[in-house]
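Chain and residue survey
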2 protein chains.
Amino acid sequence: MSNELEPIKVAVSPQERFGDFLQSRGMRQTEQRKNLLNLVFSEHEHFDADQLLERLPSKGELGYVSRPTVYRTLGEFVDAGLLRKFELDGRSVYEHDYGYPEHDHFYCTKCEQLIEFQNAQIADLTAELARTHNFQVRSYRLIIRGICEDCRRSRRRVRRKVDLI
Amino acid sequence: MSNELEPIKVAVSPQERFGDFLQSRGMRQTEQRKNLLNLVFSEHEHFDADQLLERLPSKGELGYVSRPTVYRTLGEFVDAGLLRKFELDGRSVYEHDYGYPEHDHFYCTKCEQLIEFQNAQIADLTAELARTHNFQVRSYRLIIRGICEDCRRSRRRVRRKVDLI
DNA sequence: TTGAATGCAAAGGATTTGCAGAGGC
DNA sequence: GCCTCTGCAAATCCTTTGCATTCAA
């Protein structure tokens, strides 16, 4: 996918930040955690637990991480503020949070792609609404569902062909 | 919950509308469908399949509807445009769509209540964003997570008590 | 009468958990 | 060495499905 936004410049790497997180909680720096963190931050992409597992070495191979550990560790990344989690069509989807600007998504129900966009008004509006309703915001999530530009185009092409018969 | 918005006046009842839907698809008007529709529209509330099942008579009793039928029928209500479905904490939540105005939600992660609010700017902004990105919108969903007014208050009270010790 | 709908039991998919052994610190 | 972490297997939760029976039209 080529809809990456401009990353935020951060002084501390995700690795370092996660190290601090582990230390502060008396947790250990294991091979599995290192492997997963590197993999997750090697590429900017939305993914679910299965997709991450597919990118990992298979059982028996060097660098393998089991499914339960993947789930456990993703939760830790969220707690550490590195990833953000949300739900889409019944499964959990993760995305970069640390070092990445606030943004929202279009979700194309045809190609099932998430398309990121930035718009300051949404955050402003959310903050204003929260103030009005005395609600203390932790986070918000706007997802716009429909058909993306590419899919609209290809659908139109198909129709034309049919029309010509 | 007492955060109901003003219903939209509709000429046709949900029952009638669903009847038309069934007819147009060659589907049948069964006791189960009638029971569920009446139950669902007897009260304005967000609910999941389990909560609906709890409000139904138990097995053996008059008016009982089995779990698979509840799931199947909720899907039909969504297809008929009577309900809207979304995901929250990994389960499917339903709300009135027919006869109810467009709105968004605060979700209090403490009391797990959904609080509705109306704001025209969100729809406008969504439409504008879609236009800019050549995206064809089918629906959108904004959920603002955090702590609601009541929970903030009670939390404060608890703190005060503790402070007095 | 006849095809659609239901209930049952069972399957399915995603995620979590208990626990014994492995391994950071 | 102690205590956390991992992988395994199994459990759990929510939802869907196959199929024989029931029932609306």
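These notes cover the structure that comes with them. Since the model is a prediction, treat every value here as computed from it, not as a measurement.

**A short note on the interface of chain A and chain B**
- At the interface, 34 residues of chain A touch 35 residues of chain B.
- Taking both partners together, chain A and chain B bury about 3,100 Å²; carbon and sulfur atoms supply 59% of that area.
- Applying the counting criterion to the chain A and chain B interface returns zero salt bridges.
- Of all the secondary-structure elements, those providing two or more residues to the side of chain A that touches chain B are β1 (83–88), β3 (104–108), α5 (120–132), β5 (136–147) and α6 (149–164) of chain A.
- With twelve residues, β5 of chain A is the single largest residue contributor to the side of chain A that touches chain B.
- Here the residues of the side of chain A that touches chain B sort into 17 nonpolar, ten polar and seven charged.
- Two strands pair when backbone bridges link them, and β5 of chain A and strand β5 (residues 136–147) of chain B are joined in this way by eleven bridges, in the antiparallel orientation.

**A closer look at the protein's contact with DNA strand D**
- Lining the immediate surroundings of DNA strand D are 21 residues, of which Thr30, Gln32, Ser66 and Arg72 of chain A together with Tyr71 of chain B lie closest.
- Put simply, 66% of the atoms of DNA strand D that lie within 4 Å of the protein are in sugar or phosphate.
- Within the side chain of Arg33 of chain A, one N or O atom sits 2.9 Å away from a phosphate oxygen of DNA strand D.
- Every element with two or more residues in the surface near DNA strand D is listed here: α2 (31–40) and α4 (67–79) of chain A together with α4 (67–79) and β2 (91–96) of chain B.
- Among the elements that make up the surface near DNA strand D, the one with the highest residue count is α4 of chain B (four residues).
- Taken together, the residues of the surface near DNA strand D sort by class into six nonpolar, six polar and nine charged.

**As for helix α1 (residues 14–24) of chain A**
All names here are of chain A.
- Taken residue by residue, α1 has Pro14, Phe18, Gly19, Phe21 and Leu22 as its buried positions. The arc that holds the buried residues of α1, viewed along the axis, is 160°, so those residues lie on one side. Turned more than 90 degrees off the buried face of α1, the exposed positions are Gln23 and Ser24.
- Looking at the buried positions of α1, the neighbouring elements they touch are α2 and α4.
- Trailing α1 by a residue or two, Gly26 shows a phi angle of about 65°, which is positive.

**What about the protein's contact with DNA strand C?**
- In the neighbourhood of DNA strand C, 21 residues make up the surrounding shell, with Arg28, Gln29 and Tyr71 of chain A together with Arg28 and Gln32 of chain B lying closest.
- When atoms of DNA strand C within 4 Å of the protein are sorted by moiety, sugar and phosphate together comprise 63%.
- The contact in question runs from a phosphate oxygen of DNA strand C to an N or O atom on the backbone of Ser92 of chain A, over 2.9 Å.
- Arg72 of chain B is positioned with one of its side-chain polar atoms (N or O) 2.8 Å from a base nitrogen of DNA strand C.
- Here the surface near DNA strand C gets four residues from one element, more than from any other, and that element is α4 of chain A.
- Of the residues assigned to the surface near DNA strand C, the class counts are six nonpolar, six polar and nine charged.

What counts, and at which threshold
- Residues numbered from 1 in each chain as written.
- Chains lettered and ligands numbered in written order.
- Predicted model: local features only at pLDDT ≥ 70, side-chain atom pairs only at ≥ 80, totals over all residues.
- Heavy atoms only, no water.
- Contact = heavy atoms within 4.5 Å.
- Buried area = accessible area lost by both parts, 1.4 Å probe.
- Salt bridge = Lys/Arg side-chain N within 4 Å of Asp/Glu carboxyl O.
- Helix = DSSP H or I, 4+ residues; strand = E, 2+ residues; numbered from the N terminus.
- Nonpolar A, V, L, I, M, F, W, Y, C, P; charged D, E, K, R; others polar.
- Pairing = 2+ DSSP bridges.
- Near = heavy atom within 4 Å.
- Polar contact = N/O pair within 3.5 Å; in protein donor to acceptor, adjacent residues only side chain to side chain.
- Buried < 20%, exposed > 50% of the residue type's maximum accessible area, 1.4 Å probe, protein only.
- Arc of directions from axis to C-beta.

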